[in-house]
Structures are given as structure tokens and as C-alpha cells.
Amino acid sequence: MSNIEIGLWAFPVLLGMIFLRAPIGLAMLVCGLGGMWLITGSPNMVLSKLKTETYTTFSSYSLSIVPIFLLMGHLAGIGGLSRALFKAAEAWLGHLRGGTAMASVGACAGFGAICGSSLATAATMAQVALPELKRAGYAGGLSTATLAAGGTLGILIPPSVVLVVYATLTEQNIAKLFLAAFVPGLLAALGYMLVIALYVRLYPAQAGRAPRLALAERLAATLAVWPVIVIFVAVVGGIYTGIFTPTEGASVGALGTGLVAWASGQLDWARFRAAILATASGTAMIFFIVLGAAFFNAFLALSQVPQAISAWVVEQGFAPMTVLFLVLLIYLVLGCVMDSLSMILLTVPIFFPVMTALDFGMSTEHMAIWFGILVLIVVEVGLITPPVGLNLFVINAMDRDTPIRATWGAVLWFVGSDLLRVVVLALFPGIVLFLL
């Protein structure tokens, strides 16, 4: 069996292990180590790689940003910033038809600006918004679907943990990726709000309205979210202008959210300890997946599979946009069975060389950033694509009274908005790149 054949056989083996419910990090680690052993015919390289790759992965300065962003998100939740964001958005939108659901999306976008995780954004905002949506008379399916979709903004609105990992894999500038994600993130939030507006007009019985607040109350609710604006500008602005490195910017953000939580009186020792433990647990999970991916990708490089696939695609003479949409379709399918980080780590080392071998009429750096944003959006769609989308189960676990089928039915409207946005951004790369 040739090295390329061994590399190709690794994919069904990997998917089989995932299907048998093996942790994705462990599955990639086993396939990577086993594949390298088969190719070299000796355990020596495997043992050497275990020693060096483990240290190299866990000591990576680029990845040190991940636990800090996770901690920032936990501290923001403790400080009540999620509730303040929702109340501010509801103050301006709640009296409209579907306004409370739109406010939930707006609050998710705001929270995503200080939390780089989709699942964390969805879970945190659900605690605040679900009771308010029920109180306002919203149907369970629309409520859970709105929060599941809004939660995906956590990995699109910068800062984003997934974008950090993508930047590390492709050796791209994190600040430029954050900047490129900003406009698509705003378009996502706007698209979700338009979906809600259309949905509640077609099904008016599934939505209610909150009372209209006086202007003074609206302004007071808006002023309450000033810490979010300050932290976002300090972190993203500081990184983009070069005042901070990404890790330093994340540290400033974590310090800022910690001070806000302390000033609010909500940050006691027990909550701080819980935030540290939750950060450590989340970081351990992410780093183990990254480690497994590092071994699996080293095995793929040894087998020459990415290079062979790239050469084959170029030889076929496919149009670059055809290849792009096929790759995005694969991501959409994988999103039904895998989480976003695992998809990025598993597929980018395979697809990125293919994309760089094609001519999209732009520089390699711009192509890498544009492709990264498109991948991020499609990964985001996978989080809410029935029947497996992770955000759907996270939200439904918090609302036991709503059947999962009701959530599936409503969330398809949001999936349609996402797919339309992918097509627009793929056809008009300037929307992603014009801020660079």
C-alpha cells in the first residue's frame, strides 16, 4: 500500500472512530500516530514526535490567547454584561413586532465582541433572554432557534477563538482576520433580524411585543453597556493599531471584564474560582484537539495527501469558484456531525493548499483571509444545521418545554440567511477585504 493510499484510508477510519463516539482529539491522535508508524515502519519517529510535538503545541505563544479569551467571556457573564446588552437592545427594539427576538440577536452580537466562543455566547445569552422571550409571548421554537443562531455570532464577531486557530494554521495575521470578520459579522446579525421580521409577519401568533419605553429609559439602558464598548475598542483597536499583540490585547480585555465584574459586586472568590476552572477545562479540551490535529496533520504531510489532492484539482482544470463552493459544501456537511474547532483543525491543512494553488485574482494573503472568513461562516452554519447542530442542543437543554423539532423548523430560516450571505461574500470578496 502506498503512502497516499494509507493517508486516504485514514479518513474513513477517523470518521468511524468519531461515529463510535471517540473524542475527536483522541481519534485524530490515534490515526496520526498509527499512520506515521505504518508509513515509516518503525515506532522511532512516533516516539520522537510525541516528545517534541507535545511541547511545541502546548508552548505555542499564538495559542496562549485562547484561555485568556475564554476567561474574558466567563468574567463578562459574571459581571452582568450579557444582561445589560440584552436590556439595552430590548429598550430600542422590544416594542416592535419580533423586537425582543431581534434584541436577543443584537445582544448576542455585542456579547460576541467580548467572548470568542459560540457555545458560550449561546448558553450565556439563553440564561438572560429565554425567560424574557417567554414572558413576551414568543413561541418556544422561535425563541430557541433565535438564540441558537445568535450564539453563532460568538465566533464571527471578533475576537474569535476559531479565527485564532485558523490564523495559526495558515500563518496569517490575527489582527487582519479580526478586521475582515467585522463586516460579515454585522451582516449576519442584520440578516438574522430580517429573518425574524419576516417570520413574525408570516406567523404573527408566535411572537409578542414588549412595552415601549420612554426615551430616558432607553438612554439609561444604553449607557449601561459602555464597558462592552470600551473593552471591545481597547482589545480589537489595540491589536489592529499595533499597540498590543493579540495575547496582550486579550489580557487587557480579561482584566477589563474582571474589573467590571468586581465593580458590579458579582465577582466573589467562589465565582472567580468557578471561572478559572471553567477556563481551564475549556482550554484543556481545545488544546487536546489541537494536539491530536497536529499529529494527524503531520501524518498527512508525511503521506503527501494534501499535495496530491492539490495537484489533482489543478490538473482537472476546474474553475476556482467551482472548487471553492465544493469545499464550502463539504464544510456544510461536516458541520452536521462535527464541532467548529475540530473541522478547522482537520480540514484546513488539506483544503488550504488546494485554494492557494488556484487563481482567484488576488494576493495569497487576501485569498487566505477571504477563505478563512468564508470557512468560518460555513462552520457557523454547521452549528445550527439540523439534526446535529451543537448550538441547537445547548439551547434546547435549557428549555425542556420546547421540542427539538420545533427548534429545527424555525432555525432553517436562519440557515437560509447564512447560505445567502455565504454566496454574496463568495461572489464579492471586496465586502470582506475592503477594510484591510
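The text that follows walks through the structure, step by step, so that each part is easy to find.

Calculation notes
Residues numbered from 1 in each chain as written. Predicted model: local features only at pLDDT ≥ 70, side-chain atom pairs only at ≥ 80, totals over all residues. Heavy atoms only, no water. Helix = DSSP H or I, 4+ residues; strand = E, 2+ residues; numbered from the N terminus. Rg over C-alpha atoms; globule rule 2.2 N^0.38 Å. Buried < 20%, exposed > 50% of the residue type's maximum accessible area, 1.4 Å probe, protein only. Areas by Shrake-Rupley, 256 points an atom, 1.4 Å probe, with all protein chains shown as cover. Core = buried A, V, L, I, M, F, W, Y, C linked by side-chain atoms within 4.5 Å. Contact = heavy atoms within 4.5 Å. Disulfide = S-S within 2.5 Å. Axes fitted to C-alpha atoms, helices over the stretch in contact; angles between N-to-C directions. Left-handed = near helix turned anticlockwise from the far one by under 90°. Nonpolar A, V, L, I, M, F, W, Y, C, P; charged D, E, K, R; others polar. Phe/Tyr/Trp six-rings, centres within 6.5 Å; stacked < 30°, edge-to-face > 60°. Expected span 1.5 Å × (residues − 1).

### What about the overall build of the protein?
Regarding its fold elements, the protein presents 21 helices and zero strands. Over its C-alpha trace the protein gives a radius of gyration of 22 Å, about what one expects of a compact globule, namely 22 Å for 436 residues. Expressed as a percentage of its 436 residues, the buried residues of the protein come to 54%. Carbon together with sulfur atoms contributes 70% to the accessible area of the protein, which is approximately 18,100 Å² in total.

### Re the nonpolar core
In terms of nonpolar packing, the biggest core is built from 149 residues, with Tyr331 and Phe371 touching the most fellow members. At 14 residues, the largest contribution of residues to this core is made by helix 10 (residues 174–202). Among all residues touching phenylalanine 371, those that are not within four sequence positions of it are Tyr166, Leu324, Val327, Tyr331, Phe351, Phe352 and Met355. Counting six residues, the second largest nonpolar core, distinct from the first, contains Leu71, Ile78, Ala261 and Ala275.

### Brief notes about the side chain of threonine 100
On the secondary structure map, threonine 100 appears in helix 6 (residues 99–112). Those residues in contact with threonine 100, other than ones at most four positions away along the chain, are Phe86, Glu90, Leu93, Gly94, Glu132, Leu133, Ala136, Tyr138 and Ala210.

### Some thoughts on the state of the cysteines
Overall, the coordinates contain zero disulfides when judged by the stated rule. Sulfur of cysteine 108: no disulfide; nearest cysteine sulfur belongs to cysteine 115 and is 10 Å away. A relative accessible area of 0% places cysteine 108 in the buried class.

### Quick look at the packing of helix 15 (residues 305–316) against helix 17 (residues 340–356)
Running from amino to carboxyl end, helix 15 crosses helix 17 at an angle of 35°, the nearest separation of the two axes being 8 Å. When the axes of helix 15 and helix 17 are compared, the crossing they make is right-handed. Contacts between helix 15 and helix 17 pair Pro306, Ile309, Ser310 and Val313 from the former with Pro349, Ile350, Pro353 and Val354 from the latter. Here the contact of helix 15 with helix 17 is built from residues that sort into seven nonpolar, one polar and no charged.

### What to know about the packing of aromatic side chains
One pass over the structure, following the stated rule, counts 13 aromatic pairs. Seen in terms of ring centroids, phenylalanine 69 and phenylalanine 178 are 6.4 Å apart; in terms of plane orientation they differ by 55°. Their pairing is tilted. Here phenylalanine 178 lies in helix 10 and phenylalanine 69 lies in helix 4 (residues 65–78), a separation of 109 residues in the sequence. Residue phenylalanine 69 shares its accessibility class with phenylalanine 178, and that shared class is buried. Three or more aromatic residues joined by ring pairs make a cluster, and in this case those are Phe11, Phe296 and Phe299.

### A few points about the side chain of threonine 283
With respect to the helices, strands and loops of the structure, threonine 283 is situated in helix 14 (residues 269–303). Leaving out residues up to four positions away in the same chain, threonine 283 has contacts with Pro67 and Leu70.

### Concerning helix 13 (residues 246–263)
Given a rise of 1.5 Å per residue, 18 residues ought to cover 26 Å, and the 26 Å separating the end C-alpha atoms of helix 13 matches this to within 8%. Three or more residues of helix 13 are buried, namely Thr247, Gly249, Ala250, Gly253, Ala254, Gly256, Thr257, Gly258, Val260 and Ala261. Of the surrounding elements, those touching the buried residues of helix 13 are helix 4, helix 5 (81–93) and helix 12 (226–241).

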